[in-house]
Every structure is written in structure tokens, then in C-alpha cells.
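Each chain, letter by letter, is given below.
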Amino acid sequence: MNTRRIDQFEKELHDPALTSLLRDAFDGDPALAESHGRSERIMRKVLASGIRPARPAVRWAPLAWAFGASAAAAGLVLALVLGLLQSPRGPGNLVDNHVAPQQRQEQQVNPKQLADRHLPVPEERQHDGWQNPAPEGSVVQNPDDILPKHPDDDTQENKPTEENPVRVAEALYAAGDAANAVGDYETAFEAYQASYEAMPTPDAILSSAKMLEHLADAPGGTEG
Amino acid sequence: MIDSEEGRLLARAQRGDLLAFESLVQMHQQRVYAHCYRMVSNSAEAEDLCAETFLRAYQHLKSLRADPSIVHWMLRVANNLCISALRKRGTRPTVELDEVHELPSDTLTPEEELLKKDRQEVVRKCLDMLQPKEKTAVLMFYLEGRPLEDIAKVLECGVAGAKSRVHRARHRLKALVMAEFGEDVPLPTREEDEV
């Protein structure tokens with residue numbers, strides 16, 4: 001509202017008679033005379049009250065917004081981190097190699113599926129699947145049955161033939177996977193070693209080394 | 001903060017200087033007290049209300065701003081305290097006749113003194129019959145000569161709202177005074193009319 005309009009308002013309200021009447025009403029009133037000592041009395045009351053100047057009022061709205069935004073940002077970061085950890089391609093999966101054997105024994109595991117999941121399949125194995133893949137729900141073949149026998153045991157069927165070393169190596173590798181899946185690291189190690197001997201592959205040597213680590217970590221770890 | 005004596009005193013008081021706060025008290029206590037007295041018509045109660053006002057000012061010292069003066073904030077607090085006191089009292093406040101005209105006038109005759117006393121008593125009684133905020137508006141505008149902007153700050157309303165209150169209060173007070181005196185309101189003598 002501009003000053004001119006306010007001045008106009010005040011002119012409209014101007015009333016000398018009422019002003020005079022009101023001034024007269026309080027004229028000569030001793031109670032309105034300057035009182036000496038009133039300031040001291042007021043200061044005494046202020047000091048005696050024990051009241052101290054309070055801090056200025058905090059503007060809560062900006063603080064509330066800042067807190068809410070920070071909490072939301074922190075929640076978002078946490079969700080991203082947790083999502084990353086839980087991702088199938090994330091690091092969480094690599095850590096989960098020490099699953100209790102009891103948990104895995106009840107699973108119906110297809111060795112071929114194990115091979116595909118844990119390690120990238122070498123090119124030689126990709127085109128050559130199982131001749132007789134295990135049907136769904138079937139019991140896993142006992143790895144001991146397909147492990148190479150003792151060298152003294154030279155039955156024909158157990159000898160790795162030179163005609164199909166790839167197939168033999170794959171079978172032994174799959175057996176190793178099956179043993180690893182149920183937590184039988186010793187059997188798995190022997191299977192991976194045999195697979196390597198049948199046909200040296202990086203996967204076989206790596207898996208063997210991994211089984212050795214497991215065996216070393218196990219309580220009363222074996223040498224070797 | 002406005003660069004004024006009051007602003008400098010306020011800044012020092014906010015930093016803990018009690019002497020600066022006392023200087024502010026000395027600067028404004030008379031005006032605050034006078035307002036309280038005119039509202040409640042009781043000097044002892046007005047003293048208490050005035051002290052309470054400065055107590056609250058001290059409590060909220062760090063929030064005060066001399067923009068342009070802290071007196072409007074103080075008058076607002078004082079006015080609200082007076083209104084609360086009047087409401088607590090319930091009945092209309094009575095004018096302390098003993099306090100009126102204790103000092104004899106050198107210029108008026110005894111009859112004139114008596115007339116003046118009667119006039120004052122009636123006008124004050126009519127003032128007390130106004131609503132508290134109307135009373136504040138009419139006292140500040142006509143008696144103290146304050147601008148509408150100051151009244152708006154004390155009554156926590158806009159300038160138009162302050163104008164409306166002053167206008168209503170003026171008409172109502174005149175009606176009440178005329179009801180008491182009839183159409184011939186005994187106005188003060190011309191020498192006292194400063195307008």
C-alpha cells in the first residue's frame with residue numbers, strides 16, 4: 001500500500017474533537033508522569049527471573065527438507081549397493097562356495113548344468129553334449145563310478161582312449177563338478193586332476209587348485 | 001539492522017551486554033507503561049504488565065530486530081498482555097478515581113476541575129466499553145498520534161485493517177460519549193485543542 005493512500009486514510013480518520021477529548025481524558029494523570037526508578041525495577045525483575053535470552057527460533061522447514069533429501073539419497077545408495085551385491089553377476093555369487101553340504105545333497109543336480117553355471121564351457125565341450133544327458137529329477141551319478149580307476153585296474157572301459165580324450169575329459173570334469181556340488185572336495189579334486197590328465201585344459205587345472213584350497217580351508221585340512 | 005542508536009544498543013544487548021539492555025529499557029519503558037496504563041486503567045497492574053513485556057523482550061532478545069524499531073514488537077506484546085489481563089478480569093475495568101487529578105490545576109477553578117474530572121471519568125468509562133483492539137486503535141491513533149502502519153504492526157493486521165478498526169472505534173466511542181452526555185458533549189476548551 002503506497003504512502004499516498006495511507007495518508008488519505010489518515011486524513012479521512014482525522015477528528016480533532018475526539019483527539020481533544022481523549023487527550024483531556026488523561027491530562028494531568030499522575031500515573032502517567034515519568035516515574036523515576038521504573039527502569040531499575042524492571043531490570044531487577046528481569047535479573048531475578050533467571051530467564052536468559054533464548055536462541056533464535058530455528059527454521060525447521062529447510063532442515064526437514066535437508067534431512068529428508070539426505071535420508072532418501074542414503075536409502076538410494078544403500079539399495080544400489082545391496083542390489084549389486086545380490087545380483088547373479090555380482091560378487092556375492094563367487095563367495096557362495098561354502099554352502100553346507102546338507103543343503104546341496106538334496107538337490108537334483110544335472111552335472112551339465114553345473115558345468116555351464118560355474119565355469120565357461122570350453123569350445124571343445126560346447127558342441128559335444130552328453131550322449132545320454134541325465135533326465136530331470138534323476139539322481140546324480142556317483143562320481144566314484146566315473147572316476148579313473150587305479151592304474152592297476154586296467155579294465156577296458158575305464159581306460160581313457162585316445163579316440164575320445166575330449167569326451168573322457170569332459171566326463172571327468174563333470175564328475176568333479178558333481179562332487180564339488182555336494183561338498184566332496186577330495187573326490188572332486190581327483191576328478192579334475194584326471195580330467196586334466198585326459199586332456200589338459202585351463203578349467204581343469206583351475207578347478208583342481210580350487211579344490212585344494214577348499215581342502216586346505218577345511219578343519220584338519222589335508223596336505224596337498 | 002538499521003544503523004541507529006537503538007540498533008547499536010540492541011546488537012550489544014544480544015551479545016550479552018546487560019547495560020545495553022538497560023538502556024533499551026530506559027528508552028521505551030515510559031511509552032510501554034503509558035500504553036498499559038491507558039488500557040487497564042490501573043497503575044500497579046500497568047507496572048506489572050510493563051515489566052512482563054520487557055521480561056519477554058529479554059527472553060526473545062536474540063530474535064529481535066530494530067527494523068526500524070523494537071518498540072512496535074514491545075507494544076504488540078504489551079497490548080496482548082493487557083487484553084489477556086482485561087479478559088481475566090472479566091468485568092469492565094474501573095477507573096481509579098483517586099489517581100485522577102491528584103495534582104490540582106493552577107488554571108482551573110474548582111468547578112472547572114470538577115467538570116473536568118467528570119468528563120475524564122465518563123470518557124474513560126466509554127473507552128473501557130470498547131473492545132480491547134478497538135480501544136488500542138483509537139488510543140494509538142488519536143491520543144498518541146501514531147500512524148496507521150504502527151497500529152497495524154501492534155494489532156498484527158494490515159493497514160486497511162487498522163484503518164477499519166480506528167474507524168469503527170471512533171464511531172462507537174462517539175456514540176457512547178454522546179449517550180452519556182447527550183448531544184452536547186462538553187469538549188475541552190479551545191486552548192487545549194492542539195489540532
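Residues numbered from 1 in each chain as written. Chains lettered and ligands numbered in written order. Predicted model: local features only at pLDDT ≥ 70, side-chain atom pairs only at ≥ 80, totals over all residues. Heavy atoms only, no water.

A. Main features of the overall build of chain B. Tallying secondary structure elements over chain B gives 8 helices and 0 strands in all. Going from the N terminus to the C terminus, chain B shows its helices and strands as α-α-α-α-α-α-α-α. Long-range contacts, defined here as pairs at least 24 residues apart, represent 63% of the contacts in chain B between residues at least 6 apart. Carbon and sulfur atoms form 50% of the exposed surface of chain B, whose accessible area is close to 9700 Å². (Helix = DSSP H or I, 4+ residues; strand = E, 2+ residues; numbered from the N terminus. Contact = heavy atoms within 4.5 Å. Areas by Shrake-Rupley, 256 points an atom, 1.4 Å probe, with all protein chains shown as cover.)

B. The arrangement of the interface of chain A and chain B in detail. The partner chain B presents 57 residues to the 44 residues of chain A that form the contact. For the pairing of chain A and chain B, the buried interface totals around 4900 Å² over both sides, and the portion due to carbon and sulfur atoms is 65%. A per-residue breakdown of the area chain A buries against chain B is headed by A:Leu13, A:Leu21 and A:Phe26, which together make up 14% of the total. Seen at the junction of chain A and chain B, the total is 9 salt bridges. By residue number, the principal contributor to the side of chain A that touches chain B is helix α2 (residues 16-26) of chain A, which donates 11 residues. Here the residues of the side of chain A that touches chain B sort into 24 nonpolar, 7 polar and 13 charged. (Buried area = accessible area lost by both parts, 1.4 Å probe. Salt bridge = Lys/Arg side-chain N within 4 Å of Asp/Glu carboxyl O. Nonpolar A, V, L, I, M, F, W, Y, C, P; charged D, E, K, R; others polar.)

C. Quick look at the packing of aromatic side chains. Per the counting criterion, the structure on display carries 4 aromatic pairs over all chains. Measuring from ring centre to ring centre gives 5.0 Å for B:Phe141 and B:Tyr142, while their planes differ by 85°; the resulting arrangement is edge-to-face. B:Tyr142 shares its class with B:Phe141; the two are buried. Over the face of the ring belonging to B:Tyr33 we find A:Arg38, whose NZ or CZ atom lies 3.6 Å from the ring centre. Across the ring face of A:Phe26, the terminal group of B:Arg38 is positioned such that the distance to the ring centre comes to 5.6 Å. (Phe/Tyr/Trp six-rings, centres within 6.5 Å; stacked < 30°, edge-to-face > 60°. Buried < 20%, exposed > 50% of the residue type's maximum accessible area, 1.4 Å probe, protein only. Lys NZ or Arg CZ within 6 Å of the ring centre and 35° of its normal.)

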